[in-house]
Amino acid sequence: MFPTLKPGQDVLVFNWSYLFSKPRIGDIVVIRKNGKDIIKRIQKILDREYFVEGDNKKQSTDSRNFGPIDKSQLIGKVIWHTKT
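Residues numbered from 1 in each chain as written. Predicted model: local features only at pLDDT ≥ 70, side-chain atom pairs only at ≥ 80, totals over all residues. Heavy atoms only, no water.

Draft legend 1. Representation of the overall build of the chain in the model. Per the secondary structure count, the chain includes two helices and six strands. The secondary structure elements of the chain, listed N-terminal to C-terminal, are β-α-β-β-β-α-β-β. Taking all 84 residues of the chain together, 33% fall into the buried category. Here the chain displays about 5,800 Å² of accessible surface, and carbon together with sulfur accounts for 52% of that area. (Helix = DSSP H or I, 4+ residues; strand = E, 2+ residues; numbered from the N terminus. Buried < 20%, exposed > 50% of the residue type's maximum accessible area, 1.4 Å probe, protein only. Areas by Shrake-Rupley, 256 points an atom, 1.4 Å probe, with all protein chains shown as cover.)

Have a look at this one:
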């Protein structure tokens, strides 16, 4: 599958505490991993942990590599992005 977002696209992200009650499977989210902000899609929810994957599964570094992320690593949900 091709990536939904490409480098250089603009995105609008809202923090969970402001608008959304909780993350859901299928949401595109920004997470903080190793000091970097990255965009992934939630695939599975395990209590306070989230299994995230990139849309381009052949080239993505995601939970298949680094394991599930903690809820504290979620920055927000992508609610809008520019079209390519």
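Still more ground to cover, so stick around.
Draft legend 2. Structural detail: the nonpolar core. Within the largest apolar cluster, seven residues are counted, these being Val 29, Ile 31, Ile 42, Tyr 50, Val 52, Ile 69 and Leu 74. For this core, the elements supplying multiple residues, two or more each, are β2 (28–33) and β4 (49–53). Aside from chain neighbours lying at most four places away, what touches Tyr 50 is Pro 23, Ile 42, Lys 44, Ile 45, Ser 63, Pro 68, Ile 69, Lys 71 and Leu 74. (Core = buried A, V, L, I, M, F, W, Y, C linked by side-chain atoms within 4.5 Å. Contact = heavy atoms within 4.5 Å.)

Draft legend 3. Fine view of the environment of Phe 66. Mapping Phe 66 onto the fold places it in helix α2 (residues 63–66). Put simply, Phe 66 and Val 52 are 14 residues apart on the chain and 9.8 Å apart in space, counted from C-alpha to C-alpha. Residues within four places of Phe 66 in sequence aside, it is in contact with Ile 31, Lys 33, Ile 38, Val 52 and Thr 61.

Draft legend 4. Representation of the environment of Leu 5. In this fold, Leu 5 is placed in the segment before β1 (11–14). For Leu 5, a relative accessible area of 18% puts it in the buried group. Put simply, Leu 5 and Asp 55 are 50 residues apart on the chain and 8.7 Å apart in space, counted from C-alpha to C-alpha. Among residues more than four places away in sequence, those in contact with Leu 5 are Val 11, Ile 28, Ile 39 and His 81.

Draft legend 5. Geometry of the sheet that holds β1. Sheet architecture is open: six strands sit in the order β1-β6-β2-β3-β4-β5, paired in antiparallel fashion. The open sheet has two edge strands with one neighbour each: β1 and β5 (69–70). In this structure, β2 lies alongside strand β3 (residues 36–46), joined through six bridges in antiparallel fashion. From the neighbouring strand, Val 29 faces β3, where its bridge partner is Lys 40. (Pairing = 2+ DSSP bridges.)

Draft legend 6. Spotlight on the layout of surface pockets. In this model, the largest pocket occupies a volume close to 330 Å³. For the largest pocket, the lining is made up of 15 residues, of which Pro 3, Leu 5, Ile 39, Lys 40 and Asp 55 are closest to its centre. The residue makeup of the lining of the largest pocket, split by class, is five nonpolar, five polar and five charged. (1 Å grid on protein atoms, 1.4 Å probe; cavity = no way out; pocket = protein on both sides within 12 Å on 5 of 7 lines; lining within 4 Å. Points joined across faces, edges and corners; volume = space filled by probe spheres on them. Nonpolar A, V, L, I, M, F, W, Y, C, P; charged D, E, K, R; others polar.)

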